[in-house]
Number of protein chains: 2
Amino acid sequence: MPAAIDFFFDFASPYGYLGSLRIDAVAARHGRDVVWRPFMLGAAFKETGMRPLLEQPLRGAYSRHDWLRTARRLGVPFRLPEGFPMAALAPSRAFYFIAERDAELAKAFAARVFHAYFGEGRDMSRPEAVAAEAMHLGLPAAEVLEAMKDARWKQHLKDATAAALARGVFGSPFFVVDDEPFWGNDKIPEIENWLESGGW
Amino acid sequence: MPAAIDFFFDFASPYGYLGSLRIDAVAARHGRDVVWRPFMLGAAFKETGMRPLLEQPLRGAYSRHDWLRTARRLGVPFRLPEGFPMAALAPSRAFYFIAERDAELAKAFAARVFHAYFGEGRDMSRPEAVAAEAMHLGLPAAEVLEAMKDARWKQHLKDATAAALARGVFGSPFFVVDDEPFWGNDKIPEIENWLESGGW
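Residues numbered from 1 in each chain as written. Chains lettered and ligands numbered in written order. Predicted model: local features only at pLDDT ≥ 70, side-chain atom pairs only at ≥ 80, totals over all residues. Heavy atoms only, no water.

1. A few points about the relation of the copies chain A and chain B
Of the two same-sequence chains, chain A is brought onto chain B (RMSD 0.0 Å, axial shift 0.0 Å) by a rotation of 180°. What the superposition gives is, in effect, a two-fold axis relating one chain to the other. Of every C-alpha in chain A, the one belonging to aspartate 186 of chain A sits nearest the axis of rotation, 2.9 Å from it. Take the interface residues of chain A: 100% of them recur as interface residues in chain B, which is what a same-surface contact looks like. (Least-squares fit on C-alpha atoms with pLDDT ≥ 70 in both. Contact = heavy atoms within 4.5 Å.)

2. Some remarks on unusual backbone geometry
Residue and element names in this part refer to chain A. For the bond from phenylalanine 84 to proline 85, the omega torsion is -5°, close enough to zero to count as cis. Of note, proline 85 is situated in the loop between helix H4 (59-74) and helix H5 (89-101). A positive phi angle, close to 50°, is found at aspartate 178, a residue other than glycine. With respect to the secondary-structure elements, aspartate 178 resides in the loop between strand S3 (174-177) and strand S4 (180-183). For aspartate 178, a relative accessible area of 36% puts it in the partly exposed group. (Helix = DSSP H or I, 4+ residues; strand = E, 2+ residues; numbered from the N terminus. Buried < 20%, exposed > 50% of the residue type's maximum accessible area, 1.4 Å probe, protein only.)

3. Description of the packing of helix H5 (residues 89-101) of chain B against helix H8 (residues 141-149) of chain B
Residues and elements named next belong to chain B. Here H5 crosses H8 at 120°, and the two axes come no closer than 9 Å. Crossing hand, H5 versus H8: right-handed. Taking contact as the criterion, the partners of Ala90, Arg93, Ala94, Phe97 and Arg101 in H5 are, on H8, Glu143, Val144, Ala147 and Met148. Looking at the contact of H5 with H8 residue by residue, the class counts come to six nonpolar, no polar and three charged. (Axes fitted to C-alpha atoms, helices over the stretch in contact; angles between N-to-C directions. Left-handed = near helix turned anticlockwise from the far one by under 90°. Nonpolar A, V, L, I, M, F, W, Y, C, P; charged D, E, K, R; others polar.)

4. Here's the deal with the nonpolar core
Membership of the largest hydrophobic core comes to 55 residues, with the highest contact counts inside it found for Phe11, Phe95, Phe109, Met124, Val144 and Phe175 of chain B. Core analysis: the second largest hydrophobic core is formed by 54 residues, Phe11, Tyr17, Phe114 and Ala116 of chain A among them. (Core = buried A, V, L, I, M, F, W, Y, C linked by side-chain atoms within 4.5 Å.)

5. Details of the pairing of strand S1 (residues 5-9) of chain A
All names here are of chain A. Burial analysis of S1 places five of its five residues in the buried class, the great majority of the element. Covered by surrounding structure in S1 are Ile5, Phe7 and Phe9 together with Asp6 and Phe8, the residues of both alternating faces. Pairing analysis gives five bridges linking S1 to strand S2 (residues 34-38), with the strands arranged parallel. Looking at the pairing, phenylalanine 9 lines up with proline 38 of S2. In terms of strand pairing, S1 meets S3 through three bridges, oriented antiparallel. By the bridge assignment, phenylalanine 8 is partnered in S3 with phenylalanine 174. (Pairing = 2+ DSSP bridges.)

6. Digging into the interface of chain A and chain B
Residue-level contacts link 30 residues of chain A with 30 residues of chain B. Across the chain A/chain B interface, buried area totals approximately 2,900 Å², and carbon plus sulfur atoms make up 57% of it. Three residues stand out in chain A for area buried against chain B, namely Leu58, Tyr62 and Trp200 of chain A, and they jointly supply 23% of the buried area on that side. Across the contact surface, chain A and chain B share eight salt bridges. Linking chain A to chain B there are 18 residue pairs in polar contact (both at pLDDT 80 or more). Of all the secondary-structure elements, those providing two or more residues to the side of chain A that touches chain B are helix H3 (41-48), H4, S4 and helix H10 (188-197) of chain A. Of all the elements, H4 of chain A adds the most residues to the side of chain A that touches chain B, at eight residues. Among the residues forming the side of chain A that touches chain B, the class breakdown is 12 nonpolar, seven polar and 11 charged. (Buried area = accessible area lost by both parts, 1.4 Å probe. Salt bridge = Lys/Arg side-chain N within 4 Å of Asp/Glu carboxyl O. Polar contact = N/O pair within 3.5 Å; in protein donor to acceptor, adjacent residues only side chain to side chain.)

So yeah, pure geometry; function would need other evidence.
Next up, the structure:
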């Protein structure tokens, strides 16, 4: 089986949410798996000097418009949550705790968190809300709550973030296919072209 | 005939160059014209706080890689000119001088400048080099040289830049289709989809 696609994202990234709804289907059409890798986008911003989109004149208004328009085109729900953007520490730590048990279950959990946050506009920065999503998947809520406070999973997320930056990741979503980096939701058609044609 | 597509770009923008090689064909397939509108991207950067790509850690290296890769995919020449990025005042002023005479000729001129700069890596910030490209199209070199120094065309470019910003333009390339803004070379497939489907 050819190498899996790495999918880097931040749970507070609208384009990360939009990308998460498509990348597995694109990969599957070409016999590829996708490994989901949440990381802290803020750490990348510190490195690059980039800033949250809505803080930027002109670009903020454009992004807000583009998120809604893209969601409409894809036929998926989108709602900008109150207090956006959240700090996504809680779901990111929980993700890696769950992924150690079961990578597919962690992906299902991430999809639920994304849907709750951007599909329904619910605050997903609170550990209790995150644990409730895990519980819906049959995971023990108390253990997930513990994991989010555990130094081990805090460190794990820090390490995952450092590893992402070391691989050149600076935005969300960010895909790595056959060692080729692709930044942004808008790159998905190009990724599909890459997979189809075996690269250029 | 349906409304023309506005194509905003800076002559020193690699993604602007790459976009310029495709947008007219995409538009023509759907019975649309394209109006080319060079502007000074630096003025937009002042507004948004964005910075030239190569100055940004991680994102700079990515962009360099992505330009070459995209050119390879499209089968077009690409060479990063020495001293990149240039200040594109000279070709931008000349463009508007030529466009007043003949919009199609101005487009042909812009295509020549882009090719000289990013296809061959030649310095196109110098008025003499710009005038030489105009001369190849049968335009009077001396008049083009004069125009680039003329307060009228300096002001014209300032006004065009202010008008672009007033329409929400903050990057290069930037397309406006039926009042819908699309930022970036990667948006071209989406623009095509918009034209095909009549919007979402």
